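# Commentary on secondary and tertiary structure
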Amino acid sequence: MTNCSICPVGCLADREHSAGACGVFGTDTAKIARAALHAWEEPWISGKNGSGTIFFAGCNLRCVFCQNHSISRRFVGMTVDAELLARTMLALESLGAHNVNLVTPTPNTLLIANAIPRARELGLKIPIVYNTNGYETREALSMLDGLIDIYLPDIKYVTPGVSLRYSGRSDYFSFASAAVIKMYEQVGELVVDENGLAVKGLAVRHLVLPGAVDETRRVLDFIAANLPKTTRISLMGQYAPPDELKASLPKPLDRPLLKREYARAIDYAVSLGFENILVQELSSADNAYTPAFLDK
């Protein structure tokens, strides 16, 4: 791809000859840093057997607290083309995965759009989850219409100064908010089967950050104003400063989330009338839950 504009960065890189701002080379292949069953997603994603997660290397954000920084900032892992990516999806299904969970997929949208139809041709039956940081363009999402069953986006921040400081992009919310609405238009509210497993629809994630409960309130206000009160919200309290990054993190991101901060976030979500809020035990704030990745 020349003049890459697949994501809001719009870096215009010639990705056949150099990496984009996301760190990803090419569009006909991608690097997979992990493809395995994963038990630590939301219960309606992981279920009993686990989610078939495919972690892509590279990312179009530069979050200073990224738990997956070893792959989001490095182009590492196994090289796959559309055919091999499709067959990787089938391999995960054969292991009993409840779904195929594409993690940090945005830089590889073109490849994914080619791989999913091939996987379906080969017999893939389980849903496809698009697990994204939310920094997407509506145009790129249009390429995935009819291919993605479940959208699982983050909405990280609303305030431009906060998103610039923590993720390197002042325009984060303007794109993430429009993207989430586009996702909802495509798939609607999350639908679960008789076993409580997601089949189709949208669920929104938000990680409550230390010292940023006001930002959480702004995110929840947006959801309340633009999506049904029955929207499934994963209100995460699992923030833990990565050991390797802790010394360089700005305060207060160098400490875990406080119990009282998370309680204020939950109380506000309840006050807005949301009916499907998933909360966590703060014991989940542990870097041990970050999976091992391929390092080359």
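Every chain is numbered on its own, with residues counted from 1 as its sequence reads. The model is predicted, so local features are restricted to residues of pLDDT at least 70 and side-chain atom pairs to those at 80 or more, both for listing and for counting; the totals for chains, interfaces and linings are taken over all residues. No hydrogens and no water enter the side-chain calculation; it runs on all heavy atoms of the structure.

## Structural notes on the overall build of the chain
Helix and strand assignments follow DSSP, with helices taken as H or I runs no shorter than four residues and strands as E runs no shorter than two, numbered in order from the N terminus. If you tally the helices and strands in the chain, you get 9 helices and 10 strands. Computed over its C-alpha atoms, the radius of gyration of the chain comes to 18 Å, within 12% of the 19 Å expected for a compact globule of 296 residues. Viewed in the frame of its principal axes, the chain has a C-alpha envelope of about 50 × 45 × 35 Å. Buried, partly exposed and exposed residues are distinguished by accessible area as a fraction of the type maximum, computed with a 1.4 Å probe on protein chains only: under 20%, between the cut-offs, and over 50%, respectively. When each of the 296 residues of the chain is scored for burial, the buried share is 53%. Here the globule rule reads 2.2 Å times residues to the power 0.38, and the radius of gyration is calculated from C-alpha atoms.

## Comments concerning the packing of helix 3 (residues 82–94) against helix 4 (residues 109–121)
For helices, the axis comes from a line fit to the C-alpha atoms of the stretch in contact; other axes are also lines fit to C-alpha atoms, and the angle between any two N-to-C directions lies between 0 and 180 degrees. Two elements in contact, helix 3 and helix 4, have axes whose closest approach is 8 Å; the angle formed by their N-to-C orientations is 55°. Comparing their axes, helix 4 and helix 3 come out oblique. In the packing of helix 3 onto helix 4, the handedness of the crossing is right-handed. On helix 4, the residues that touch Ala-82, Glu-83, Leu-85, Ala-86, Arg-87, Met-89 and Leu-90 of helix 3 are Leu-111, Ile-112, Asn-114, Ala-115, Ile-116, Arg-118 and Ala-119. Class assignment of the residues belonging to the contact of helix 3 with helix 4 gives a composition of 10 nonpolar, 1 polar and 3 charged. Any angle from 65 to 115 degrees is called roughly perpendicular, while one under 35 is roughly parallel, one over 145 is roughly antiparallel, and all others are oblique. Left-handed is the label given to a crossing in which the near helix is rotated counterclockwise from the far helix by less than a right angle, and right-handed is the label when the rotation is clockwise. In what follows, a contact means two residues having at least one pair of non-hydrogen atoms within 4.5 Å. Here the nonpolar group is Ala, Val, Leu, Ile, Met, Phe, Trp, Tyr, Cys and Pro; Asp, Glu, Lys and Arg are the charged ones; every other residue, Gly included, is treated as polar.

## Some words on the pairing of strand 2 (residues 51–56)
In terms of burial, strand 2 is largely enclosed, as 6 of its 6 residues are buried. Both faces of strand 2 are covered, namely the face carrying Ser-51, Thr-53 and Phe-55 and the face carrying Gly-52, Ile-54 and Phe-56. Here a strand pair is declared whenever DSSP counts at least two bridges between the two strands. Where strand 1 (residues 29–38) lies against strand 2, 6 bridges are found, and the strand directions are antiparallel. Bridge pairing links Ile-32 to Phe-56 in strand 2. The pairing of strand 2 with strand 4 (residues 100–103) spans 4 bridges and is parallel. Residue pairing in the sheet places Thr-53 in a bridge with Asn-101 of strand 4.

## Observations concerning the pattern of salt bridges
The working definition used for a salt bridge is a side-chain nitrogen of Lys or Arg within 4 Å of a carboxyl oxygen of Asp or Glu. As enumerated under the stated definition, the model contains 13 salt bridges in all. Linking Arg-118 and Glu-121 is a salt bridge whose minimum nitrogen-to-oxygen distance equals 3.2 Å. Residue Arg-118 and its partner Glu-121 are both found in helix 4; the two are separated by 3 residues, about one turn of the helix. Accessibility expressed as a relative area gives 61% for Glu-121, which makes it exposed. Here the salt bridges do not stand alone but share partners, grouping Glu-83, Arg-87, Arg-118 and Glu-121 into one network.

## Notes on the nonpolar core
Within soluble globular proteins, side chains that are nonpolar tend to cluster in buried spots. Buried residues of nine kinds, namely Ala, Val, Leu, Ile, Met, Phe, Trp, Tyr and Cys, make up a nonpolar core once their side-chain atoms join them within 4.5 Å. In terms of nonpolar packing, the biggest core is built from 73 residues, with Ile-54, Phe-65, Leu-85, Met-89, Tyr-151 and Ile-223 touching the most fellow members. When residues of this core are assigned to their parent elements, the largest contribution, 7 residues, is made by helix 7 (residues 172–187). Apart from residues no more than four positions distant in its own chain, Ile-54 is found in contact with Ile-32, Arg-34, Ala-35, Leu-85, Thr-88, Met-89, Leu-92, Val-100, Asn-101, Leu-102 and Val-103. Ranked by size, the runner-up nonpolar core spans 8 residues in total, among them Ile-45, Val-129, Leu-190 and Ala-203.

## Thoughts on the side chain of Lys-31
Its place among the elements puts Lys-31 in strand 1. Throughout this description, a polar contact denotes any pair of N or O atoms lying within 3.5 Å of each other; where both atoms belong to protein, one of them has to be capable of donating a hydrogen while the other can accept it, and for residues adjacent in sequence the pair is counted only when both atoms sit in side chains. Among the polar contacts listed, one links the side chain of Lys-31 to the side chain of Thr-79, at a separation of 3.0 Å. Those residues within four positions of Lys-31 in sequence are excluded, and the remaining contacts are Phe-55, Phe-56, Ala-57, Phe-75, Val-76, Gly-77, Met-78 and Thr-79.

## Some details on helix 9 (residues 259–271)
Given a helix with a known number of residues, its expected span is that number minus one, times 1.5 Å. With 13 residues, helix 9 should reach 18 Å at 1.5 Å per residue; the first-to-last C-alpha distance of 18 Å fits that figure. Close packing links the buried residues of helix 9 with helix 8 (213–226), strand 9 (232–236) and strand 10 (276–278). Gly-273 occupies a position one or two residues after helix 9 and carries a positive phi of about 90°.

## What to know about the packing of aromatic side chains
Two rings from Phe, Tyr or Trp (for Trp, the six-membered ring) form a pair when their centres are within 6.5 Å of each other. A pair whose planes differ by under 30 degrees is stacked, one over 60 is edge-to-face, and the rest are tilted. The tally for this structure, following the rule as stated, stands at 8 aromatic pairs. Measuring from ring centre to ring centre gives 5.7 Å for Tyr-157 and Tyr-172, while their planes differ by 75°; the resulting arrangement is edge-to-face. Of this pair, Tyr-157 sits in the loop between strand 6 (150–153) and helix 6 (160–167) while Tyr-172 is found in helix 7, placing the two residues 15 residues apart along the sequence. There is no split in this pair, since Tyr-157 and Tyr-172 are both buried. Ring-pair connections join several aromatic residues into one group, and the members of that group are Tyr-135, Tyr-157, Tyr-166, Tyr-172 and Phe-175. In this analysis the charged atom, NZ for Lys or CZ for Arg, is taken to sit over a ring once it is within 6 Å of the ring centre and within 35 degrees of the ring normal. When the ring centre of Phe-75 is taken as origin, the NZ or CZ atom of Lys-31, which lies over that ring, is 5.9 Å away. One Lys or Arg, Arg-217, reaches over the ring of Tyr-268 and ends 5.8 Å from the middle of that ring.

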